[in-house]
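Chain by chain, the residues:
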Amino acid sequence: QVQLVESGGGLVLAGGSLRLSCAASKSIFRFNAMGWYRQAPGKQRELVATINSGGITNYADSVKGRFTISGDNAKNTVFLQMNSLKSEDTAVYYCNANSVTGLYWGKGTLVTVSS
């Protein structure tokens, strides 16, 4: 089993920044990829950004140029740096890990962007 714990969410003004962290219970080297997804009220969960074991990143069009995903292997942690936040970024953000043993999810952290 893999545990993922997100942190760093909160209330921020539009145009501000937040950095989310996802701490994994096992080495992130083990995972094929890790990612961040989000779910806004009344909407389906959507992909925000992913990073694979080779360090290749992928972003949703809506966050390109504003968000950056990165990993710290020594800390078994993946980060999501979010800049120039907009009200439409308000959502619960979930961390995801894709491994040979399955897909794992954290419980999420709430990001609220106030305009």
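Please refer to the structure higher up on the page.
Rules used throughout
- Along each chain, residue indices are assigned from 1 in the same order as the chain's sequence is written.
- The predicted origin of the model limits local features to residues at a pLDDT of at least 70 and limits the giving and counting of side-chain atom pairs to 80 or more, whereas totals for whole chains, interfaces and linings rest on all residues.
- Side-chain metrics rest on all non-hydrogen atoms present in the structure, leaving aside hydrogens and water.
- A pair of strands is considered paired only if DSSP assigns at least 2 bridges between the two.
- A helix here means a DSSP run of H or I that spans at least four residues, while a strand means a run of E at least two residues long, and both kinds are numbered starting from the N terminus.
- Note on definitions: salt bridges are taken to be side-chain nitrogens of Lys or Arg within 4 Å of carboxyl oxygens of Asp or Glu.
- Buried Ala, Val, Leu, Ile, Met, Phe, Trp, Tyr and Cys residues that are joined via side-chain atoms within 4.5 Å together make up what is termed a nonpolar core.
- Using a 1.4 Å probe on the protein chains alone, a residue whose accessible area is under 20% of its type maximum counts as buried, one over 50% counts as exposed, and one in between counts as partly exposed.
- Note on contacts: a residue pair is in contact if any heavy atoms of the two residues lie within 4.5 Å.

Caption draft 1: Summary view of the pairing of strand S7 (residues 67-72). Pairing of S7 with strand S8 (residues 77-82), which is carried by six bridges, proceeds in the antiparallel orientation. Its bridge partner lying in S8, Gly 71 is registered against Val 78. Remark: four residues form the turn of the hairpin made by S7 and S8, two consecutive strands paired antiparallel; Asn 76 in that turn has positive phi of roughly 50 degrees.

Caption draft 2: Just the pattern of salt bridges, in detail. A full pass over the atoms with the stated rule returns four salt bridges. Put simply, Arg 38, Glu 46, Arg 66 and Asp 89 are held in one network by salt bridges that share partners.

Caption draft 3: Quick look at the nonpolar core. With 31 residues, the main nonpolar core has Leu 4, Met 34, Trp 36, Leu 80, Met 82 and Tyr 93 as its most contacted residues. Breaking this core down by element, the ones donating at least two residues are strand S3 (18-24), strand S4 (33-39), strand S5 (46-52), S7, S8, strand S9 (91-99) and strand S11 (109-114). Not counting chain neighbours up to four residues away, the residues in contact with Leu 4 comprise Cys 22, Ala 23, Ala 24, Met 34, Cys 95, Asn 96, Ala 97, Tyr 104, Trp 105, Gly 106 and Lys 107.

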